[in-house]
Every structure is written in structure tokens, then in C-alpha cells.
Amino acid sequence: MSTSDDSDSNTSSRSVSEEVESEIEDDFGVVGGLVEPYRFEPIAPEDYEEPEEEEDEDGLTPAILEARSENQITLDTWCECGNCSTELLSNALEFRCCKEVAAAMAKLTFEGIEGSCVLDHTDFDALTNATVLEQVCPLLKDRKGRSYKFPSRGTQNAKNESYRATAYRFLVRWIFGPLGWNNSRPLPACIYHKIRQKFQTASTRGYSSAERRQGEASAR
């Protein structure tokens, strides 16, 4: 075979190779050796807008609460009552000021009580008194209608856990009214800090939504 024939054969081989490579690039979204992962995704219309995160009852989104819990939004920028603390908070849902909870502020406004925080309410100390909570505890019932039992002969840690659980439910009812088992609301950060500081325990189980509690109950 002549040199001319060899040259034509090499040119033809390169041409075929280039065509195959081009097809592979087209198939896998590769341009100039670089992968374009969204090359074949449909183009969004010009008026497309990213869906907004749904706000909760207090007008807060999960992203905002998460940013607060990660200290990307610092305490001094969101606490307006002056009594919030992140030290004893357990999860992002608890990072809210009582000033952001309309029902909590209504306890002061509509009852004519002066104060900048729900902790200033004249009933708060009485509602969280240990003796009062011991009496309230057996009046509360679980999902199956069974009364709570206060561990009067238990350890101080067990008693404090009971005080906390009773106080949470008692205060939720005081602020929001009866909600039922299928609904729940997190308390403000100032309340969580006050209760957990007063009734200290070895560990803290943070606020759980009604949906999460139902899921945990079904898994048992």
C-alpha cells in the first residue's frame, strides 16, 4: 500500500474516532472533556420561582430556626424579651422568642399585665411551682387515657423529669388552650430555659411534633 493510501486510512480512522467520541460526549453531556450534569434538564420558564418554605404558626421557617440553632443567626438578633438562652435548648424548633409567639404575648396584653416577656406574667411562677406540678401530674392523661404518675419515691432526677414533662403540658395548655393529641406547639426558648434550669436532669429530650410522636408510637 502506498504512503498516500496509509495517509487516507489514518485520516479516515481519525474521522471515525472523532465521530464516535462526539457521539459519546453528546450522550453523556460532555463538552470539551468537562461533564455538564444538567445539560439535558428542561429549561425552567423565565417566570419560575423557587417554592418558598412553609412558615409555622409563629411565622418561622425551618431554615430560620436551623440557622439560629447553628448560631448563624445569633441570639441577640432574635431574642427580644431578654430572657432567651440557647444553653439548654435541644433542637431547632425551640429557638423562638416569646415575642414571636402571639398567644404568649396575648397572655400579657389581654390580661393587662405589664412586662416584656411571658415569664413576667404573675401566674407563671405559680404554674411552675413543684407542689402545684405534683398535683397537676395525675390529672394529665396519655394517649391511651392513662393518668400520669408522679414518682414520689423515685430519685431526684426522676422527679425533675416528671416536673419538666408536666410543666411543658401545663404551660402549653395555659398559653394555647387545649390542642388535643393530634396537635402540638413548641414553647418559647425563655420558658424551656427556665424550666430546665429549675428542674435539672441528666439528659434532655427536646420538643417533638405531634407527627413525630405518632411515628415513634407506631414504631413501638
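Keep in mind it's a predicted model, so treat the numbers as computed, not measured.

As for the overall build of the chain
(1) Moving on: Secondary structure assignment for the chain yields 9 helices and 2 strands.
(2) Moving on: Out of the 220 residues belonging to the chain, those deemed buried represent 32%.
(3) Moving on: Within the chain, contacts between residues separated by at least 24 positions form 55% of all contacts whose residues are at least 6 apart in sequence.
(4) Moving on: Counting every atom, the chain has about 14500 Å² of accessible surface; 49% of that belongs to carbon and sulfur.

Overview of the environment of Glu 57
(1) Moving on: Looking at the secondary structure, you find Glu 57 in the loop between strand S2 (34–35) and helix H2 (62–69).
(2) Moving on: The class for Glu 57 is exposed, based on a relative accessible area of 57%.
(3) Moving on: Here the alpha-carbon distance between Glu 57 and Arg 185, two residues 128 residues apart in the chain, equals 8.4 Å.

What about the packing of aromatic side chains?
The description of two aromatic rings rests on the distance between their centres and on the angle between their planes.
(1) Moving on: This structure, assessed with the given rule, holds 4 aromatic pairs.
(2) Moving on: Consider the rings of Trp 78 and Phe 95, whose centres lie 6.1 Å apart with planes at 55 degrees: the pair is tilted. Of this pair, Trp 78 sits in helix H3 (residues 75–78) while Phe 95 sits in the loop between H3 and helix H4 (102–109), placing them 17 residues apart in sequence.
(3) Moving on: Here Trp 78 falls in the buried class, since its relative accessible area comes to 3%.
(4) Moving on: Ring centres of Tyr 168 and Tyr 192 lie 5.6 Å apart, and the angle between their planes is 70 degrees; this geometry places the pair in the edge-to-face category. Remark: Tyr 192 occurs in helix H8 (residues 189–198) and Tyr 168 occurs in helix H7 (residues 156–176); sequence separation between them is 24 residues. Here Tyr 168 and Tyr 192 have matching classes, each one buried.

Rules and cut-offs
Residues numbered from 1 in each chain as written. Predicted model: local features only at pLDDT ≥ 70, side-chain atom pairs only at ≥ 80, totals over all residues. Heavy atoms only, no water. Helix = DSSP H or I, 4+ residues; strand = E, 2+ residues; numbered from the N terminus. Buried < 20%, exposed > 50% of the residue type's maximum accessible area, 1.4 Å probe, protein only. Contact = heavy atoms within 4.5 Å. Areas by Shrake-Rupley, 256 points an atom, 1.4 Å probe, with all protein chains shown as cover. Phe/Tyr/Trp six-rings, centres within 6.5 Å; stacked < 30°, edge-to-face > 60°.

The analysis is restricted to geometry; functional conclusions fall outside its scope.
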